[in-house]
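# Report on the structure
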Amino acid sequence: MLTKVQIITFVLVNKLFSITLSFIILMQSFGASISDIAQIDEFIEHAQFHSQQYGDNVFVFISKHYGKLKLNHDKEHQEEKEDHEHLPFHHQSHASLVLAFVLNTDKSELNTVEFLESNTHKFYYQAPSSSLHLEGLFQPPRLSA
């Protein structure tokens, strides 16, 4: 029998597993991967560089690398191209699934089954050899004709 400590531990581990799995699914739905999370330090370093060099705050930095100002920033600062390639969330991925459902339109003729009626009976009654049958306990069905 399980003790209270074992039951509580089991419940907590199940909750922790569920939360972790939900977080992983959430991150994958945003298109984030483990490599993106590993590149967060490069994101912070480059943001600090922009803050010191250009006086950009976080919102301007994100706009320059992920938003409306991205095209202008890439054109004006070609020397930072290598640093930009190492930033997270700059990978392109596409997954597609083509599903084809084909209906078979060939209408082959099905063979019809013919039922034949036969008036001949292929069974017969054999009198029982047991003494219980003679006493009337077990009686066979009788024909009503």
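What counts and what doesn't
Residues numbered from 1 in each chain as written. Predicted model: local features only at pLDDT ≥ 70, side-chain atom pairs only at ≥ 80, totals over all residues. Heavy atoms only, no water. Helix = DSSP H or I, 4+ residues; strand = E, 2+ residues; numbered from the N terminus. Buried < 20%, exposed > 50% of the residue type's maximum accessible area, 1.4 Å probe, protein only. Contact = heavy atoms within 4.5 Å. Areas by Shrake-Rupley, 256 points an atom, 1.4 Å probe, with all protein chains shown as cover. pLDDT = per-residue confidence, 0-100. Patch = residues over 30% accessible without salt bridge, like charges linked within 9 Å, V, L, I, M, F, W, Y side chains within 5 Å. Salt bridge = Lys/Arg side-chain N within 4 Å of Asp/Glu carboxyl O. Axes fitted to C-alpha atoms, helices over the stretch in contact; angles between N-to-C directions. Parallel < 35°, antiparallel > 145°, perpendicular 65-115°, else oblique. Left-handed = near helix turned anticlockwise from the far one by under 90°. Nonpolar A, V, L, I, M, F, W, Y, C, P; charged D, E, K, R; others polar. Polar contact = N/O pair within 3.5 Å; in protein donor to acceptor, adjacent residues only side chain to side chain. Phe/Tyr/Trp six-rings, centres within 6.5 Å; stacked < 30°, edge-to-face > 60°. Lys NZ or Arg CZ within 6 Å of the ring centre and 35° of its normal.

Scanning the protein from terminus to terminus reveals seven helices and zero strands. Put simply, the protein runs from its N terminus to its C terminus through helices and strands in the order α-α-α-α-α-α-α. Evaluated residue by residue, the protein yields a buried proportion of 11% over its 145 residues. Taking the intrachain contacts of the protein between residues at least 6 apart in sequence as the baseline, contacts between residues at least 24 apart amount to 42%. Of the roughly 14,000 Å² that the protein leaves accessible, carbon and sulfur atoms contribute 61%.

Now for the confidence of the model for the protein. Residues at a pLDDT of 70 or more form 77% of the protein, whose mean pLDDT is 79. Per-element mean pLDDT across the protein ranges from 60 in helix α7 (residues 131-134) up to 90 in helix α1 (residues 4-29).

Below, the discussion takes up a nonpolar patch on the surface. A contiguous nonpolar surface patch, about 470 Å² in accessible area, is contributed by Ile-34, Ile-37, Ile-40, Ile-44 and Phe-89. For the nonpolar patch, the elements supplying multiple residues, two or more each, are α2 (34-38) and α3 (40-53). Mapped onto the elements of the fold, Phe-89 is located in the loop between α6 (81-85) and α7.

Time to look at the packing of α3 against helix α4 (residues 58-66). In contact at an axis separation of 10 Å, α3 and α4 are set at 110° when each is read in the N-to-C sense. In terms of orientation, α3 lies roughly perpendicular with respect to α4. Considering only the axes of α3 and α4, their crossing is right-handed. On the side of α3, the interface is formed by Phe-43, His-46, Ala-47 and His-50, while α4 contributes Phe-61, Ile-62, Lys-64, His-65 and Tyr-66. Its residues assigned to classes, the contact of α3 with α4 shows five nonpolar, three polar and one charged.

What follows deals with the environment of Gln-78. Mapped onto the fold, Gln-78 is located in the loop between α5 (70-76) and α6. We classify Gln-78 as partly exposed; its relative accessible area is 49%. One polar contact links the side chain of Gln-78 to the main-chain carbonyl oxygen of Asp-74, over a distance of 2.8 Å.

Bringing the packing of aromatic side chains into the picture now. Ring pairs (aromatic) are described by centroid distance and by the angle formed between their planes. For the structure shown, the criterion picks out three aromatic pairs. Ring geometry for Phe-43 and Phe-61: centres 5.2 Å apart, planes at 70°, overall edge-to-face. On the criterion of sequence distance, the pair formed by Phe-43 in helix α3 and Phe-61 in helix α4 is long-range, its members being 18 residues apart. One exposure class covers both Phe-43 and Phe-61, and it is buried. Look at Phe-43 and Tyr-66: their rings are 6.2 Å apart centre to centre, the planes differ by 40°, and that puts the pair in the tilted class. Here Tyr-66 lies in helix α4 and Phe-43 lies in helix α3, a separation of 23 residues in the sequence. Exposure remark for Tyr-66: the relative accessible area of 28% places this residue in the partly exposed category. An aromatic cluster of three or more residues is present, and its members are Phe-43, Phe-61 and Tyr-66. Lying across the ring of Tyr-54, Lys-64 places its NZ or CZ 5.0 Å from the centre.

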